[in-house]
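Breakdown of the fold
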Amino acid sequence: MKEQADFRKIGCGECLNSGLLGFDFSMAFQPIVNTTDQTIYAQEALVRGVDGQGAAHVFANVNDSNRYRFDQACRVKAIKLAAELNIDSKLSINFMPNAVYKPELCIRTTLEAAEIYNFPIERIIFEVTEGEQINDHVHLQNIIQSYQQQGFSTAIDDFGAGYAGLNLLANMQTDLVKLDMALIRNIHNDKVRQSITRGIIAFCKDLNITVIAEGIESADELYVLQEMGIELFQGYYFAKPSFESLATPTSDWWR
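Before going into details, it helps to say that this report is about the structure given with it. Along each chain, the written sequence defines residue order, and numbers are assigned to residues from 1. Only residues with pLDDT of 70 or above have their local features reported here, since the model is predicted, and side-chain atom pairs are shown and tallied only from 80 upward, although totals for entire chains, interfaces and linings are computed over all residues. Excluded from the side-chain calculations are hydrogens and water; all other atoms, namely the structure's heavy atoms, are used.

What follows deals with the overall build of the chain. Helix and strand definitions here come from DSSP, where helices need a minimum of 4 consecutive H or I residues and strands a minimum of 2 consecutive E residues; each element is numbered from the N-terminal end. When helices and strands are tallied, the chain shows 12 helices and 9 strands. Per-residue burial over the chain gives 49% buried out of 255 residues. Residue pairs at least 24 apart in sequence account for 69% of intrachain contacts in the chain once pairs closer than 6 positions are excluded. Exposure categories follow from relative accessible area, calculated using a 1.4 Å probe and restricted to protein chains: below 20% of the type maximum is buried, above 50% is exposed, and the middle band is partly exposed. The contact criterion used throughout is that any non-hydrogen atoms of two residues lie within 4.5 Å.

Here's what the structure looks like:
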């Protein structure tokens, strides 16, 4: 594959050139909040079309020939916009493990962008979704370990949405786990979901992994999860994603 042969040549400036990618895109940001100290723990960068279209609109243009360049471009654009918005919390960026050929080489563009835009790498979180089809779990393990060694934080997104979650944690320990919204929805009325969530929290505590509950839409869901000991949350209850800007709170918990 020509893209794989040329990956060492791609730099930060090239990643912002939509002509080389074949299409353009932007980012929205949604906060991850700490309800214990009422602060913003992180802002997650979410892919959007240039006119605010959803992620599916953008991913329809991604294929085997441009996956690596798109993955690199997402990182650079997220860091650039975060710097422009003066984000002083952590920045969470989704990455595509199947687009990473060699972790130590593919991270160079991210490091370059962090330096150019003066965004500390220790404030960057790389998220991999449990739902993504992983072709090589050993390769993913190497990616996670490489990123952690270089000072980045790592997370498994949508934990509980697929069948690979426990196997992923058995082979590699990320810094964070984000509980999938399907597990969270109406958890205050569901004893089974509550039991499963308590189990996840317990083994994450044993592994020194921080748990984030995403997809929070009601105060009832929030209160049950707070009682279980979770401090970090994300969802429409707090703020919806905001296109190329910081979100406006949709509840008054942090005012």
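We now examine the packing of aromatic side chains. In summary, the pairing rule links any two rings of Phe, Tyr or Trp, Trp by its six-membered ring, whose centres are within 6.5 Å, and it sorts them by plane angle into stacked for under 30 degrees, edge-to-face for over 60 and tilted for everything else. For the structure shown, the criterion picks out 12 aromatic pairs. Seen from their ring centres, F126 and Y147 are 4.7 Å apart, and the 40° between their planes marks the pair as tilted. Note that F126 is positioned in strand β4 (residues 124–129) and Y147 in helix α8 (residues 137–149), a separation of 21 residues in sequence. For the residue pair F126 and Y147, the accessibility class agrees, reading buried in each case. Among the aromatic residues, ring-to-ring pairing joins F23, F25, F59 and F70 into one connected group. Lying over the aromatic face of F25, K77 brings its terminal NZ or CZ to 4.6 Å of the ring centre. Here, a charge over a ring means that NZ of Lys or CZ of Arg falls within 6 Å of the ring centre while also lying within 35 degrees of the ring normal. Here R123 stacks its cationic end above the ring of F119, 4.5 Å away from the centre of that ring.

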